[in-house]
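Results of the structural survey
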Amino acid sequence: MNPAGLTKKGEGNTIDIGVTVTDPEGKSAEIDVRRVKGDHEVALYECKGLQPQTEVSLFDVEKWLTKKIPTVRSSLLRETRFRNTNYTFEYWTSGRFSDDALERLEKAKRETLKYAVSWRDGASVMQYAKEKKIGSMTDVLREHFIQHPLS
């Protein structure tokens, strides 16, 4: 028995930032953040640093859902290590989502079967940082986005 190997495969995480991938058709996309947990889970984060009152539009969400996610997923499925993996695609913003963007995200979450779709707005990102007790990140979020003089 190898507990180190077992826990690394089951619980170990690696983080990659700013990875550019190319699908079989030659389309490329940048992955803002990729978190790989063992051999069974990949979470891919779209990150948009915006002022609190700035909205992510339906156009932005639609582009992410219909262009970026398929390109990223198709490129990752080419790698043997990612073929039998559970995927989550998450859209994080320090701003907020327009009502129609939220409706589209909810629809995608309900109707997508091959991977999970999730999102966080500024308040949710801040709550996540607080729950995880990441004080340095809550300070950065507060200083640069939540309480920024231009917000």
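Refer to the structure presented above.
Residues numbered from 1 in each chain as written. Predicted model: local features only at pLDDT ≥ 70, side-chain atom pairs only at ≥ 80, totals over all residues. Heavy atoms only, no water.

For the coordinates displayed, the defined rule picks out five aromatic pairs. Centroid distance Tyr45 to Trp92: 5.4 Å. Interplanar angle 85 degrees. Geometry classified as edge-to-face. With a gap of 47 residues between them, Tyr45 in strand E3 (residues 41–48) and Trp92 in strand E5 (residues 86–93) connect regions that are remote in the sequence. Overall, the relative accessible area of 12% leaves Tyr45 in the buried class. Sitting above the plane of the Trp119 ring, Lys109 keeps its charged end 5.6 Å from the centroid. (Phe/Tyr/Trp six-rings, centres within 6.5 Å; stacked < 30°, edge-to-face > 60°. Helix = DSSP H or I, 4+ residues; strand = E, 2+ residues; numbered from the N terminus. Buried < 20%, exposed > 50% of the residue type's maximum accessible area, 1.4 Å probe, protein only. Lys NZ or Arg CZ within 6 Å of the ring centre and 35° of its normal.)

Position of Asp100 among the secondary structure elements: in helix H3 (residues 99–111). Taking the relative accessible area as the measure of exposure, Asp100 reaches 39% and is therefore partly exposed. Between the C-alpha atom of Asp100 and that of Leu58, which follows or precedes it by 42 residues, the distance is 5.8 Å. In this structure the side chain of Asp100 is engaged in a polar contact, spanning 2.6 Å, whose partner is the side chain of Ser98. (Polar contact = N/O pair within 3.5 Å; in protein donor to acceptor, adjacent residues only side chain to side chain.)

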